[in-house]
Amino acid sequence: QVQLVESGGGLVQAGASLRLSCAASGRTSSNYAMAWFRQVPGKERAFVATISGSGIYTNYADSVKGRFTISRNNVVNTVYLQMNSLKPEDTGVYYCAGRGDGPSSSPLSYDYWGQGTQVTVSS
């Protein structure tokens, strides 16, 4: 089993930056692909970004390309999401997810999930 714990969310104004962290523990592996999803009330979890186990491959939702950066440090088993130029539409609960396979943008592909961290961007 893998446990994931997100942190770094908060309330910010539009244009600000935040960095989310996802700390993994348990049966962790640098082969695990990781991803970030976000969810707002009444909607399904939406893909934000994913990264391969090595960190070489990344992929982003069109809505965040050029503003968000996903990265990982396998020494400390942590994945990050640097969010710049935040917009009100970025508001939501951000979830970290992991899977023992390659990167994917589908939430159904992921086996492990964190509890989520709230990000609120005011206009």
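Residues numbered from 1 in each chain as written. Predicted model: local features only at pLDDT ≥ 70, side-chain atom pairs only at ≥ 80, totals over all residues. Heavy atoms only, no water.

Caption draft 1: Focus on empty space enclosed by the protein. Throughout the structure, instances matching the rule amount to 1 cavity of 30 Å³ or more. Looking at the largest cavity, it is lined by 13 residues, and the ones nearest its centre are Ala24, Ser29, Met34, Arg72 and Asn77. Broken down by secondary-structure element, the contributors of at least two residues to the lining of the largest cavity are strand E3 (18-26) and strand E8 (78-83). Looking at the lining of the largest cavity residue by residue, the class counts come to 6 nonpolar, 6 polar and 1 charged. (1 Å grid on protein atoms, 1.4 Å probe; cavity = no way out; pocket = protein on both sides within 12 Å on 5 of 7 lines; lining within 4 Å. Points joined across faces, edges and corners; volume = space filled by probe spheres on them. Helix = DSSP H or I, 4+ residues; strand = E, 2+ residues; numbered from the N terminus. Nonpolar A, V, L, I, M, F, W, Y, C, P; charged D, E, K, R; others polar.)

Caption draft 2: Highlighting the pairing of strand E7 (residues 68-73). Of the two faces of E7, only one is covered, namely that formed by Phe68, Ile70 and Arg72; the face formed by Thr69, Ser71 and Asn73 stays uncovered. Pairing between E7 and E8: 6 bridges, direction antiparallel. Bridging across to E8, Ile70 finds its partner in Leu81. Where E7 folds back onto E8 in an antiparallel hairpin, the turn is made up of 4 residues, including Asn77, whose phi is positive at roughly 55°. (Buried < 20%, exposed > 50% of the residue type's maximum accessible area, 1.4 Å probe, protein only. Pairing = 2+ DSSP bridges.)

Caption draft 3: Just the side chain of Glu6, in detail. Structurally, the position occupied by Glu6 is in strand E1 (residues 2-7). Of the side chains with opposite charge, Arg45 comes closest to the buried, unpaired Glu6, at an N-O distance of 7.2 Å. In this structure the side chain of Glu6 is engaged in a polar contact, spanning 2.7 Å, whose partner is the backbone nitrogen of Cys96. Here Gln115 takes part through its backbone nitrogen, which lies 3.0 Å from a polar atom of the side chain of Glu6. The residues contacting Glu6, other than those within four sequence positions of it, are Ser21, Cys22, Trp36, Tyr94, Tyr95, Cys96, Gly114, Gln115, Gly116 and Thr117. (Lys, Arg positive; Asp, Glu negative; His and termini not counted. Salt bridge = Lys/Arg side-chain N within 4 Å of Asp/Glu carboxyl O. Polar contact = N/O pair within 3.5 Å; in protein donor to acceptor, adjacent residues only side chain to side chain. Contact = heavy atoms within 4.5 Å.)

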